[in-house]
Amino acid sequence: MVVWAKTADSYVLPSIKLSVTGAGWLSGAAVGSWMVDRELVASTIPGNIRQRTGLSIGAASVTVRPAVRATPWSKTPATRVTDGLPATLYAEASDGTTKTLGAWVTDETDGSLSAEDVTVDLLEASFVGREMPQTLPPANWNRPFFPNRPVDPVWPVSRMLEKVGFPSVPIGREDAMLRVPMDGAIQASGDREWTAGGQIVGGWSLMPDGTLGGSSGSAILSVATGPPFAPGTMTWHIALNVVGTVYLVDDAQGWMVRVVNDQSTGTYNVAASNNAGVSWGTTRTFAGRQSADWPDRVQIELSRTLTSAGMSMSWTSTSARARSSAVSSWSSLSTHSSTLPLATPDSRIWVAGGYAVPGVPGIPGSPPAGRFSAFIMDIAQPSSDDLWAPRRAFLKPLGGDLGMPMVPPGLDAWGVIQDCASANLGGVVIDLDGMARVLTRDDLAGTGAAGAAVDVGSEWEDLAWTLDPEDTADRVEVSFTPPTITEADFGSSTLAPEVWSADGVIPLNAGETITIPVTFDSKAAIGVFSTFIVPVGTPSALWSQNSTICSYDNPDGAGVPLDASLVTASARQTSSTTAEITVANRTGAMAYLVDGNGDPCLILRARTVATYATRQIVERGAAADVAQRPLQVDLTPWVQSQAHASTIADYLWDRVSGGGLWKASSVRCRLDWSLDIGQVRSLAHSRSGLDAKALITKVHFDGSEVQIAQSLDLVLIPWTYSDFAATWPTQTYAQFATAQGTRTYADHEADPLWTGA
Amino acid sequence: VQVAADRPRSEFRSVDGNRYVQRSPQTRRQWELTIPYAAASANTVAVLRAAVESEDVWFASVDQLAGNMLPAGASAGATAPAIDCGGVPLLSITASKVISGRVRGGVSTWLSFWTDAGSGGSAAVSAVYPSGTRLVFPASAGFWSSPFTPASDGPVSITVAPGLPCRVAGLMVTEGPSAPTAFVHGEGSGMPCRVEVQDPDDTLTMRHDGHWRHDYSVTIREVG
């Protein structure tokens, strides 16, 4: 990792270079002049409260003089100018060390015949080409059994970061048979032979290493093994993050692996069982926590031998070994031999941390509870790139609860990330080392430890401040849309809630099968869809509990409906807000999806449906009819409960009601590579009495061969209780009262950190 | 001959008056040469030709070739203690380092350095030059020098691979009939260097024996 630091008083500038993949003429090309801009705008941060513009795309522009003349019409690919190529801008010091100034993609490129210089515009790589509408997998899908288990708002952020190349867990091989972050969502696997659902039985939380989905309970990965097992030795490769003791169990096939990865006791070992934990092979130790990126990650190699004896087959041994990094040594094999008849060809794998899995013996139900996340399982030997790829995201809980997370139609991944973080008064930035970092509202409010202090007098050219009334408000109105959950009750004749219905007549050619992608309107479906039935005969409860299909051989609905076996339909959930309905016409003539009146008739129902229809409001401050400077913030759908919305409203009101929030723009500072957006720094200037904390919202570089001018945008952050507590860390109230003896509340308000010194 | 150095710089003052200076990573030199008619020679022809040809032109000053041809800043490291390099104390190189320079073909050239300990055959300084390699394992503290003659003009790559306690400083590549005895140029000259020869100013001075004689003055600027 590069050390990003403040530069020397007399600083020999590094050479700035640009390398573009796929453009030979721009390989380590020396940059003449350049500009880089990174800004934090998407947050409801103090000083920017009305600037909810959403997405901030880092931008750069560099002028290079390539060694060879390059043009868009060049015949040689190496000197042909094209756009959309990945680029790296970096600074190279005279001693050969380099600092990366971000990952970019080339945008517009300008040149001319008369000048050799070429100007290349760059866009932040992570944002580019991701303007695809996104959806979220259904969370909380086992709701009928385990209601009220909302997720933290960082969950959709985590999901979307993964889609734009910032996974908080290794992505694994594209065709890995299972890759389950274990963050509470259904997870479809890429390979058709295997499907998996992650069912979080216990509560989930954040792992100490910043990955989402550490569960203190257990998870079932329902693995349908495609081809039947054949005699011989089979090997699986498994990696997951473990804290404490975790069991991996296939309750159908009887293998069990126990992994202990316990930093508190320094215990790191693995053991295998061939008979579901009734007895175990020798426990084998391995060197724990060998990976800097993934200290809690364990890779397990599991082998089983299936032996054929006459007409039946039996599992005769199970072996496992483990290691804790891509390069550290494997433990010895823990091998356990017994005879266990092959059960069915299907497996159900449980991952359990100190939790009694129903029906599975051998797992102690008592603490110490283990926690786990980021499960990857594969048949082929994965490379270290798959299981140990460096982490690209560091998550933090944003606080709050999403009962039914969903993405409004049309929103892209960065839209989700920024909207969700912003609605929760946080932010997501890509830091100088290329890691996506979630900043919580507490981070942005500076309640954590501030970074290195800045002596404004000696390091900044000036501090031009602005006090803008736009940054205050006398009324805050926070609106949100809670999901209304409707659940089918099959014990009565209650309707199964409808999630989608056709609004036009769908014709089908003879023998035709069509797939209809559908998007629910202000709804999210959780769990299984009801099967399709044809409503014929005597009306019954089944009519309203199942999805409905009705078809005739004419568009008017004349005659009798076609039999249920002739025109069939099935539905597959593709996300919480989308599905695919497949309809097949098995007759030799045209069929029309209509009812007896000739009206469209294709209705999809689900057991559990969340409807987002009722907008609610939480208000703070003056009444709506007297407020002069109201602030309205819509948090839909990233805040879904009254309590959560109230927290946000309180926080916001506290920020905007006080006034006196000044900000500073384009502050030229002494070059300091360690300054970055999202950081909180303490500012001090004794001559003017400045003593404040500020959040860096923009970092701008303007470089040439002569200078690198760095300038910052900042917003002041009010002192918080944590600052006060830090000022009086070991003192009692009596000491405080004595020291503050003659001061009034007004004094404190003006200078809350006066210590009496 | 006066050599003008050209290293762009900028200055920034803080609100309380602290001065911070940023300097360009590279300096580029410029020579103003006068060639009087009496000194006209093959060099004059070469200069005139260089001014009009579109090709790499290399410039070298004989005194600097004999001093130290490596680029400035390449000869010493940044680690204390300093090593006595023939009377000049220089900080030592303790981490592996590769230095690129350029040498002339057919000229007797020396790779020299000082060390404060023997390397036990593991730590070495080596030069890769056109058609050859020179490798020196210092056996004890002191001055080490080794001759080589490049087959043609071309790049030279010096690799310093010190191994503690063997530290190295005062690295030199010099031309001359014998090894250098002292570290003359504190910072190396980076010679030969690539230059641009601007069109010479030409003063017609006299006619002699039916030939016109000219004085020339020419500006040579380092490029690259």
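Residues numbered from 1 in each chain as written. Chains lettered and ligands numbered in written order. Predicted model: local features only at pLDDT ≥ 70, side-chain atom pairs only at ≥ 80, totals over all residues. Heavy atoms only, no water.

1. Some words on the packing of aromatic side chains
The relative placement of two aromatic rings is captured by the distance of their centres and the angle of their planes.
All names here are of chain A.
And then number 1: In total, this model carries nine aromatic pairs over all chains according to the counting rule given.
And then number 2: Consider the rings of Tyr247 and Trp280, whose centres lie 6.4 Å apart with planes at 55°: the pair is tilted. One end of the pair, Tyr247, is in strand E13 (residues 232-250); the other, Trp280, is in the loop between strand E15 (267-273) and strand E16 (284-285), with 33 residues separating them in the sequence.
And then number 3: Feature note: the residues Trp34, Trp673 and Phe701 constitute an aromatic cluster, connected by ring pairs.
And then number 4: Lying over the aromatic face of Trp315, Arg304 brings its terminal NZ or CZ to 4.3 Å of the ring centre. (Phe/Tyr/Trp six-rings, centres within 6.5 Å; stacked < 30°, edge-to-face > 60°. Helix = DSSP H or I, 4+ residues; strand = E, 2+ residues; numbered from the N terminus. Lys NZ or Arg CZ within 6 Å of the ring centre and 35° of its normal.)

2. Concerning the environment of B:Ser24
And then number 1: With respect to the helices and strands, the residue B:Ser24 is situated in the loop between strand E3 (19-23) and strand E4 (28-35).
And then number 2: Along the sequence, B:Ser24 and B:Ser126 sit 102 residues apart, while their C-alpha atoms lie 30 Å from each other.
And then number 3: With sequence-adjacent residues up to four places away left out, B:Ser24 is seen in contact with A:Val12, A:Leu13, A:Glu705, B:Arg7 and B:Pro8. (Contact = heavy atoms within 4.5 Å.)

3. As for helix H1 (residues 154-163) of chain A
Each full turn of the α-helix corresponds to 3.6 residues, which orients residues three or four apart in the same direction.
All names here are of chain A.
And then number 1: The element H1 is extensively covered by neighbouring structure, given that nine of its ten residues are classed as buried.
And then number 2: The set of residues buried in H1 consists of Val154, Trp155, Pro156, Val157, Ser158, Arg159, Met160, Leu161 and Glu162.
And then number 3: In the segment just after H1, Gly165 is the residue with positive phi, at about 90°. (Buried < 20%, exposed > 50% of the residue type's maximum accessible area, 1.4 Å probe, protein only.)

4. Brief notes about the pattern of salt bridges
And then number 1: Following the criterion strictly, the structure yields 28 salt bridges over all chains and no others.
And then number 2: Taking the shortest distance from any N to any O, the salt bridge between B:Arg9 and B:Glu11 comes out at 3.5 Å.
And then number 3: The partner of B:Arg19 in a salt bridge is B:Glu11, and the shortest N-O contact between them spans 3.3 Å.
And then number 4: Looking at B:Arg19, the relative accessible area reads 46%, which means it is partly exposed.
And then number 5: With relative accessibility at 35%, the residue B:Glu11 sits in the partly exposed group.
And then number 6: Several salt bridges share partner residues, and in doing so they unite A:Lys6, A:Asp9, A:Glu459 and A:Arg670 into one network. (Salt bridge = Lys/Arg side-chain N within 4 Å of Asp/Glu carboxyl O.)

5. Some remarks on the confidence of the model for chain A
Residue and element names in this part refer to chain A.
And then number 1: Chain-level pLDDT for chain A is 78 on average; 76% of the residues reach the 70-or-more range.
And then number 2: When pLDDT is averaged over each helix and strand of chain A, the minimum, 37, is found for strand E9 (residues 198-200) and the maximum, 96, for E16.
And then number 3: Low pLDDT, under 50, characterises residues 141-147; the predicted model gives this stretch 18 contacts beyond four residues in sequence or across chains.
And then number 4: Confidence drops under pLDDT 50 across residues 184-217; counting only partners more than four residues distant or on other chains, this segment forms 137 contacts. (pLDDT = per-residue confidence, 0-100.)

6. Thoughts on the interface of chain A and chain B
And then number 1: Listed as interface residues are 24 residues of chain A and, on the opposing side, 18 residues of chain B.
And then number 2: When chain A packs against chain B, close to 1,700 Å² is buried across both sides, 50% of that on carbon and sulfur atoms.
And then number 3: Across the salt bridge formed by B:Asp16 and A:Arg687, the nearest N and O atoms sit 2.5 Å from each other.
And then number 4: Applying the counting rule to chain A against chain B returns 13 residue pairs in polar contact (both at pLDDT 80 or more).
And then number 5: Those elements that provide at least two residues to the side of chain A that touches chain B are strand E1 (10-12), helix H5 (456-459) and strand E41 (662-669) of chain A. (Buried area = accessible area lost by both parts, 1.4 Å probe. Polar contact = N/O pair within 3.5 Å; in protein donor to acceptor, adjacent residues only side chain to side chain.)

7. A word on the sheet that holds E3(B)
And then number 1: Spatially, the three strands line up as an open sheet ordered E1(A)-E3(B)-E2(B), and their pairing is mixed. Strand pairing shows two members of the sheet lacking a second neighbour, E1 of chain A together with strand E2 (9-13) of chain B, which therefore form its edges. Across the sheet, the axes of successive neighbouring strands diverge by a mean angle of 20°, strand direction being ignored.
And then number 2: As paired strands, E2(B) and E3(B) are joined by five bridges and run antiparallel to one another. Looking across to E3(B), one finds that B:Phe12 is bridged to B:Tyr20. (Pairing = 2+ DSSP bridges. Axes fitted to C-alpha atoms, helices over the stretch in contact; angles between N-to-C directions.)

8. Quick word on the pairing of strand E11 (residues 132-136) of chain B
Residue and element names in this part refer to chain B.
And then number 1: Here strand E10 (residues 124-129) runs beside E11; their pairing, made up of five bridges, is antiparallel. Directly across from Val125, in E11, lies its bridge partner Val136.
And then number 2: Linking E10 back to E11 in an antiparallel pair, the connection comprises two residues, with Ser131 at a positive phi of about 70°.

9. Let's talk about the sheet that holds strand E12 (residues 142-148) of chain B
Within a beta sheet, neighbouring strands are joined by backbone hydrogen bonds and run either parallel or antiparallel to one another.
Residues and elements named next belong to chain B.
And then number 1: Across the sheet, which stays open at both edges, the three strands sit in the order E12-E9-E14 with antiparallel pairing between neighbours. Strands at the two margins of the open sheet, each flanked by one partner only, are E12 and strand E14 (168-175). Taking each pair of neighbouring strands and ignoring which way they run, the sheet shows an average axis angle of 15°.

10. A short note on unusual backbone geometry
And then number 1: A:Thr636 connects to A:Pro637 through a cis peptide bond whose omega is -10°.
And then number 2: Among the secondary structure elements, A:Pro637 is positioned in the loop between strand E40 (630-634) and helix H7 (642-657).
And then number 3: Here the residue pair B:Met191 and B:Pro192 is connected by a cis peptide bond, since its omega of -10° sits within 30 degrees of zero.
And then number 4: Residue placement: B:Pro192 occurs in the loop between E14 and strand E15 (193-197).
And then number 5: The backbone of A:Arg289 sits at a positive phi, close to 55°, despite the residue not being glycine.
And then number 6: Residue classification places A:Arg289 among the partly exposed positions, given a relative accessible area of 27%.

11. Points about helix H3 (residues 413-423) of chain A
Residue and element names in this part refer to chain A.
And then number 1: The buried count for H3 comes to ten of eleven residues, which makes it a mostly enclosed element.
And then number 2: Among all positions of H3, only Ala413, Trp414, Gly415, Val416, Ile417, Gln418, Cys420, Ala421, Ser422 and Ala423 are buried.
And then number 3: Contacts from the buried residues of H3 go to H1, strand E23 (427-430) and H7.
And then number 4: Among the residues of H3, the N-terminal cap falls to Asp412, whose side-chain oxygen and the backbone nitrogen of Trp414 are separated by 3.3 Å.
And then number 5: One or two residues past the end of H3 sits Leu425, with phi positive at roughly 60°.

12. Regarding the pairing of strand E5 (residues 86-92) of chain A
All names here are of chain A.
And then number 1: As defined by bridge partners, strand E2 (residues 15-20) adjoins E5 across six bridges and the pair is classed as antiparallel. Bridge pairing in E5 links Lys17 to Tyr90.
And then number 2: Between the end of E5 and the start of strand E6 (residues 98-110), which pair antiparallel, lie five residues, with Gly96 showing a positive phi angle near 95°.

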